[in-house]
Structures are given as C-alpha cells and as structure tokens.
Amino acid sequence: MTLENPWKRNPWFESVAVAKRRARKRLPAPVYGALVAGSERGQTIDDNEAAFREVGFAPHVAGQRPERSMATTVLGQDVSLPVLISPTGVQAVHPEGEVAVARAAAARATVMGLSNFASKSVEEVTATGAPTFFQMYWTGDRDVMIQRMRRAHAAGVIGLIATLDWSFSMGRDWGSPEIPEKVDLKTMVRMAPKVVTKPRWLYEFGRTGQIPDLTAPNLAPPGGAAPTFFGAYHEWMTTPPPSWADVAWMREQWAQISGTPFVLKGVCRIDDALRARDAGVSGLSVSNHGGNNLDGTPGAIRMVKPIADAVGYDVEVVTDGGIRRGSDVVKALALGARSVLIGRAYLWGLAANGQTGVENVLDVLRSGIDSALMGLGVASIDELTPEHLLVPPGFERRLGAPTPEVAGR
C-alpha cells in the first residue's frame, strides 16, 4: 500500500479567494496586476464586493428540500447553473487562454462570453463546442462593425453582447502594471527579471512553444494581420462614442445578420435601461465594468432590483461585479437577476490551474449556490425572492429613476 503525502500541494482549491492567492503566487507581477485592474482610487471595485457583504439571508431551521435545482434558461440557452463566463480581453495568464475557458464552460454546461479583444479567435473558441456570446465594443466604422458581426455569426455564436460602458479612466492610485505593446526579444530581455521569478508560469508557455500573445485576432481585417492590443485600444479610443440611435442600429444589424439575442452590457441607470428596452435589446447586463470604468459608480448589485423592477419581464437582466461565492449568486438572483457573469474569478482559476482551474471555480460556485438554497428552504432558484434576503435600508441605488412628477404623468 502506497501512502499519500498529506502535505502534497492539492491542485483543487476550496474558494475563489484561494484561486486568487495561487494566481498571485504563480503570475509575474505585471500580469497579476492587470487582473486586479480597477480605476482611480478603486472605490467602485471595492464596493462591488462590499455590497454583497451588506446583504444577509433569512434561513429556515427545518423543512429544507432534499434536492435542489439551479438549472435555468438564459437568453434562450439552457445552462446547468446561473453563472456565465463574462468576456474579458487578452487572457495571457495561460497559453490556452480563452480556449481553455471555453472548454471549461462546455464541461460545466454553461455559456462562454468572448471579448473582441480576446487573444484567441472566435473560430477557435466556438470549435470547443461551448455556446458562445461574442462581445463587441463600439469601435471602428459601421462597415467594420458589420464585418465583425458577420464573422462572429459565421463562426456559430449564439448572441452578441455590446459593451458600451467605458470612459477610459486613467491612473490607479496603486499604480498600473506595465503592459508591452508586443512581446519580442527586446521586451523579453527587459522584462526578464520580473518573469524569471515565476518559473512555473514561464514553463507553461515554454513547453507549448508559445509566448504570451498580445494581439486581438477578432479585430483582424479580412485576410489581414491581427492588431496589437494597443492598436485595437487606439481604434476604440478614437471612435466617436455611440448614441441611442447607434445602439438601435447595432441591434437591428445583428437581428438581420443572426437573429440571436442582443445584450447591452454596462447599464447602471433606470432611464438607460428603459431606453435600451425601447431599442429592442433582448437582455441587459447591470455592470460597472468590474470597477474599471468611472470610479465612484455604485456596486452593481445595488442597482439590480431597481432596474429589474423597471423593465419587468420585457428584458432579461443579468449582472456582474464582485461575485466571489455561490451565496453572492443567490443574492443577485433573489434581487431580480436571471443569472450572473463572472470575470476575475475564472481568470484566477485559469492562472492557478488552466481549464481545470476554471472548472474548479464553477464547481465552487455551484456548491455555494446549493448550500444557500438548502439553508433558505427552496427547491429551485426560480423560487428566490427578495423576502429570502435581509437587505438593509438604503442599500439600493436608483440611478436615473423618474421623478415623482414625471412618473405621474
């Protein structure tokens, strides 16, 4: 009989917090710093998590259900749990990047979100079999946007996410990480002191014969080379911001090209939610871009119920920002979200242990959801209501709410 070493490092982790610690230990400082992100003083990124801590539960002591279901349908797609993969750009934390994440999403029967700033092409990602929403910023002229929509549709995506909540906030009080324009020999030599201290991360890339790819293949023109991340970023910054007429145009183009759901991501205000509904969107993501947009925007969970109440059943509401455990998911659903999207949580899992690490994060959240449902005495996520929560006075933020005079007209 062979005895197992009880002190052997276990690749499985029990919480998202552990995944974060392992990612920090494994990644070079600039790479980990890019995952932390946030803007300015970090007020919003802090409130994303702090807001969840303010909400409590009202559990039952007996009568809990022996079996509980968290399967649902989000934007027409059946998923095994109400947790979707949020699109994030250039996942250079692991050689397989978005492909590994998509495989994990497929293995756990949920939906993949792919950024148009991703390091892997939409064709590579959809080839994994993961149902994929393609995400676009308002960048480039209209002909370019249509070409990118058509490419995504041809690759087999199941919907489009338009992310418009970005004000290009600059300057973090804790310092921004250095992100090179491209990774060439000169860059590798210059950054070697920061990378050589993380041999396991370096080995992961070395054994695949790859170096971190800082290009955006989904923004490549037909037959042309992919722009660098900063080339793509420059196009985005220099594109005039969209109007509500542009949002309606984008939705109409997608309807003609694909006919699959169109989601507007980054909504924080009730008046914007109502305008989006009038523009014909299928879904809204209540989001502050993970604290990377305008610092001082409230935590996203504070705005979910006011927006969900305003749009009713006309539009599906999802949310993201600060979700670190299954109980956070349950709180979001009880306040009116159809599902949540996760970003940093799965990136930490990817950095810690590749595809298996992303699956681990989804399993941690699934377990936490199940525990919360059991404690609340419900058999399904469909039974969740605000009455299952302890929400303190003043918790909600009703941004852009109609004034009583306007509402009464």
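Up top you'll find the structure we're talking about.
Please read these numbers as outputs of a predicted model, since none were measured by experiment.

(A) Inspection of the packing of aromatic side chains at higher detail. Throughout the structure, instances matching the rule amount to eight aromatic pairs. Ring centres 5.6 Å apart and planes at 90° place the aromatic pair Y233 and W236 in the edge-to-face group. In this pair, Y233 and W236 are both assigned in helix α9 (residues 229-237), three residues apart and thus about one turn of the helix distant. By relative accessible area, W236 is classed as buried at 7%. A cation over an aromatic ring shows up here: R142 above the ring of W249, its NZ or CZ 4.4 Å from the ring centre.

(B) Spatial organisation of the pattern of salt bridges. All told, the structure shown has 19 salt bridges when counted by the stated rule. R108 is the partner of E359 in a salt bridge, and the nearest nitrogen-oxygen pair spans 3.5 Å. Here E359, found in helix α14 (residues 344-376), pairs with R108, found in the loop between α4 (97-107) and β5 (112-114); they are 251 residues apart in sequence, far enough to count as distant. Overall, E359 belongs to the buried group, its relative accessible area being 12%. With a shortest N-O distance of 2.8 Å, K305 and D309 are connected by a salt bridge. You can see K305 and its partner D309 sitting in helix α12 (residues 304-311), four residues apart, about one turn around the helix.

(C) The packing of helix α13 (residues 326-334) against α14, seen in detail. Where α13 contacts α14, the two axes come as close as 6 Å, and the packing angle between them is 60°. Of the possible angle classes, the one that applies to α13 and α14 is oblique. In terms of crossing hand, the pair formed by α13 and α14 is right-handed. Residue-level contacts link G326, S327, V329 and V330 of α13 to L365, G368, I369, A372 and L376 of α14.

(D) Broad picture of the nonpolar core. Grouped together as the largest cluster of nonpolar side chains are 92 residues, with contacts concentrated most on V83, M112, L284, I342 and L384. The greatest single-element share of this core, amounting to 15 residues, is contributed by α14. Judged by nonpolar contacts, the second largest core, of eleven residues, contains A92, Y137, L219 and Y233.

(E) Main features of the side chain of N360. You can see N360 is positioned in helix α14. The residues contacting N360, other than those within four sequence positions of it, are P11, W12 and F13.

(F) Geometry of the packing of α4 against α14. Where α4 meets α14, the closest approach of the two axes is 8 Å, and the angle between their N-to-C directions is 15°. Relative to α14, the element α4 is oriented roughly parallel. The chirality of how α4 crosses α14 is left-handed. On the side of α4, the interface is formed by G97, A100, V101, R103, A104 and A107, while α14 contributes Y346, L350, Q355, V358, E359 and L362.

(G) View of the pairing of strand β8 (residues 262-267). With respect to burial, β8 is a largely interior element, six of its six residues being buried. As defined by bridge partners, strand β7 (residues 159-163) adjoins β8 across four bridges and the pair is classed as parallel. Paired with L160 across the strands is F262, a residue of β8. The pairing of β8 with strand β9 (residues 283-286) spans four bridges and is classified as parallel. Opposite K265, over in β9, you have S285 as the bridge partner. Crossover handedness for the path β8 to helix α11 (residues 270-278) to β9: right-handed.

(H) Structural context of the side chain of N288. One can find N288 in the loop between β9 and α12. Within polar-contact distance, the side chain of N288 engages the side chain of N48 at 2.8 Å. Each residue touching N288, except ones within four places of it in the same chain, is listed here: T44, N48, D165, C268, N293, T297, P298, G299 and A300.

(I) Representation of α11. Within the span of α11, buried status applies to I270, D271, A273 and A276. In the core, the buried residues of α11 are packed alongside α10 (244-257), β8, β9 and α12. Just downstream of α11, G280 is the residue with a positive phi angle, here 90°.

(J) Quick peek at the sheet that holds strand β6 (residues 132-137). If you walk across this open sheet you meet the eight strands as β4-β11-β10-β9-β8-β7-β6-β5, and the pairing is parallel. Two strands close off the open sheet at either side, each with one partner strand: β4 (83-85) and β5. Neighbour to neighbour, the strand axes of the sheet diverge by 30° on average, direction disregarded. Note: strand β10 (residues 316-320) against strand β11 (residues 339-342), three bridges, orientation parallel. The partner of T319 across the bridge, within β11, is V340. On the sheet, α4 packs against β4 and β5 and is oriented at approximately 160° with respect to β5. Docked against the sheet, α14 engages β4 and β11, running at close to 160° with respect to β11.

What counts, and at which threshold
- Throughout, a residue's number is its position along its own chain's written sequence, starting from 1.
- A pLDDT threshold of at least 70 governs which residues receive local features in this predicted model, and a stricter bar of 80 or more applies before side-chain atom pairs are shown or counted, although totals over entire chains, interfaces and linings include all residues.
- Side-chain numbers come from the whole structure's heavy atoms, not from hydrogens or water.
- A pair of aromatic rings is counted whenever rings of Phe, Tyr or Trp (Trp by its six-membered ring) have centres within 6.5 Å, and the orientation is called stacked for planes under 30 degrees apart, edge-to-face for over 60 and tilted otherwise.
- Put simply, DSSP H or I for four residues or longer makes a helix, DSSP E for two residues or longer makes a strand, and each gets a number counted from the N terminus.
- Each residue is assigned to one of three classes by its accessible area relative to the maximum for its type, calculated with a 1.4 Å probe on protein chains only: buried under 20%, partly exposed between the two thresholds, exposed over 50%.
- Our definition puts a charge over a ring when NZ of Lys or CZ of Arg is within 6 Å of the ring centre and also within 35 degrees of the ring normal.
- The salt bridge criterion pairs a side-chain nitrogen of Lys or Arg with a carboxyl oxygen of Asp or Glu, the two atoms within 4 Å.
- Lines fitted to the C-alpha atoms define the axes, with helices restricted to the stretch that makes contact. Angles between their N-to-C directions range from 0 to 180 degrees.
- These descriptions rest on fixed angle ranges, namely under 35 degrees for roughly parallel, over 145 for roughly antiparallel, 65 to 115 for roughly perpendicular, and the rest for oblique.
- Note: crossing handedness is left-handed where the near helix turns anticlockwise from the far helix by less than a right angle, and right-handed where it turns clockwise.
- Two residues form a contact once any of their heavy atoms are found within 4.5 Å.
- Among buried residues, those of type Ala, Val, Leu, Ile, Met, Phe, Trp, Tyr and Cys that are joined through side-chain atoms within 4.5 Å constitute a nonpolar core.
- When DSSP finds two or more bridges between a pair of strands, those strands are recorded as paired.
- We call a crossover right-handed when, viewed with the strands running away from us, the connection from the first strand over the helix to the second turns clockwise.
- Contacts described as polar in this section are N or O atom pairs within 3.5 Å, which, within protein, must combine one atom able to donate a hydrogen with one able to accept it, while residues neighboring in sequence count only if both atoms come from side chains.

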